[in-house]
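Chain residues, written in single-letter form:
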Amino acid sequence: MNPGKYLFEVYGAQGSQRTNDAGGKGGYAKITDIFLFIGSQGVWTSNSVFSQNSFNGGGRGYNNGPGGGATDFRLSENDLSSRFLIGGGGGAEGYRSSTSFKGGSGGGLSGGDGIVGTDSSATIGRGGSQISGGSGYKNMNGIFGFGANKTETGIISGGGGGGLFGGGTGEGAGCSGGGGSGFVYSNSKPPEIRDINEIMIENGTLIGGVNIGDGYAVISRLLSLSNNICSCHNINAYFYFIFTILSSHQLIVL
């Protein structure tokens with residue numbers, strides 16, 4: 001499915017009748033809009049400048065790239081507290097003196113920790129968890145929804161990944177960023193996530209460190225229904241929801 005706005009509609013049949021319009025007609029129902037934000041990998045920079053943030057929470061690096069953005073479903077476009085399914089973004093690679101240091105994996109219950117760079121005593125960026133952001137150098141910590149941003153020039157390291165809570169960024173010397181945590185809504189949610197009663201969520205699974213490149217989402221049909229579709233004037237039930245996909249700040253209405 002491409003970025004855009006989708007309308008799903010289903011119509012139930014009217015009750016059988018002998019006289020026109022005598023069959024019972026059903027009611028009308030809808031649920032709130034559901035939004036899908038798809039994280040981007042971000043753009044690497046090898047110049048002595050801060051990188052750009054990656055879409056949906058990836059923290060910037062310095063002379064290295066940003067962490068990956070999270071991919072999430074939410075009930076309100078601009079409300080991080082309404083997220084109910086999150087794939088955490090990975091921490092950015094650290095690179096210095098022709099040596100690569102792998103970024104922490106995106107969560108999972110927790111994001112993976114970054115790796116220390118060419119200075120073995122440097123502070124690394126930690127992965128985000130279910131209750132807090134990953135710690136980093138000089139309070140460059142991940143926070144709710146966002147990986148840590150590098151804020152000091154001249155200190156080379158990668159940014160933290162976005163997620164439920166973002167990953168931290170390291171001290172320098174090419175330290176890699178920590179990964180952001182994943183999330184499936186449950187009663188053990190952190191207080192930053194609001195109560196969600198509009199939809200039912202069950203059988204959640206979290207696995208860290210599986211995707212390469214930009215984030216994406218898969219929507220699969222698990223139950224096949226009849227192919228018999230009848231276009232009738234007398235409709236007894238109507239149900240729809242609007243599904244919006246946003247990717248890299250682009251919204252295309254189809």
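Conventions used here
Residues numbered from 1 in each chain as written. Predicted model: local features only at pLDDT ≥ 70, side-chain atom pairs only at ≥ 80, totals over all residues. Heavy atoms only, no water. Helix = DSSP H or I, 4+ residues; strand = E, 2+ residues; numbered from the N terminus. Polar contact = N/O pair within 3.5 Å; in protein donor to acceptor, adjacent residues only side chain to side chain. Contact = heavy atoms within 4.5 Å. Core = buried A, V, L, I, M, F, W, Y, C linked by side-chain atoms within 4.5 Å. Buried < 20%, exposed > 50% of the residue type's maximum accessible area, 1.4 Å probe, protein only. Salt bridge = Lys/Arg side-chain N within 4 Å of Asp/Glu carboxyl O.

Undergrad: Break down the side chain of Asp72 for me, with residues and values.
TA: Relative to the elements of secondary structure, Asp72 occurs in strand E4 (residues 71–74). Among the polar contacts listed, one links the side chain of Asp72 to the side chain of Asn56, at a separation of 2.9 Å. In contact with Asp72, not counting residues within four places along its chain, are Phe35, Leu36, Phe37, Asn56, Arg83, Leu85 and Ile86.

Undergrad: Can you break down the nonpolar core residue by residue, with the values?
TA: Core analysis: the largest hydrophobic core is formed by 16 residues, its most contacted members being Phe84, Phe144, Leu164, Phe183, Tyr185 and Ile193. Those elements that place two or more of their residues in this core are strand E3 (34–38) and strand E5 (83–87). Counting residues per element, this core draws most heavily on E3, at three residues. Leaving out residues up to four positions away in the same chain, Leu164 has contacts with Arg83, Ile86, Ser129, Gln130, Ile143, Phe144, Gly145, Ser181, Gly182, Phe183, Pro190 and Ile193.

Undergrad: Describe the pattern of salt bridges, listing the residues and the values that go with them.
TA: Here the structure, examined in full by the defined rule, presents four salt bridges. Salt-bridge contacts for Lys138 lead to Glu152; the nearest nitrogen and oxygen are separated by 3.1 Å. With Lys138 in the loop between strand E7 (99–101) and strand E8 (183–184) and Glu152 in the loop between E7 and E8, this pair connects stretches of sequence that are 14 residues apart. Owing to a relative accessible area of 54%, Lys138 belongs among the exposed residues under this scheme. In this structure Glu152 comes out as partly exposed when scored by relative accessible area, which is 24%. Put simply, Asp195 and Lys189 hold a salt bridge, and the shortest N to O gap is 3.3 Å. What makes Asp195 exposed here is its relative accessible area of 53%.

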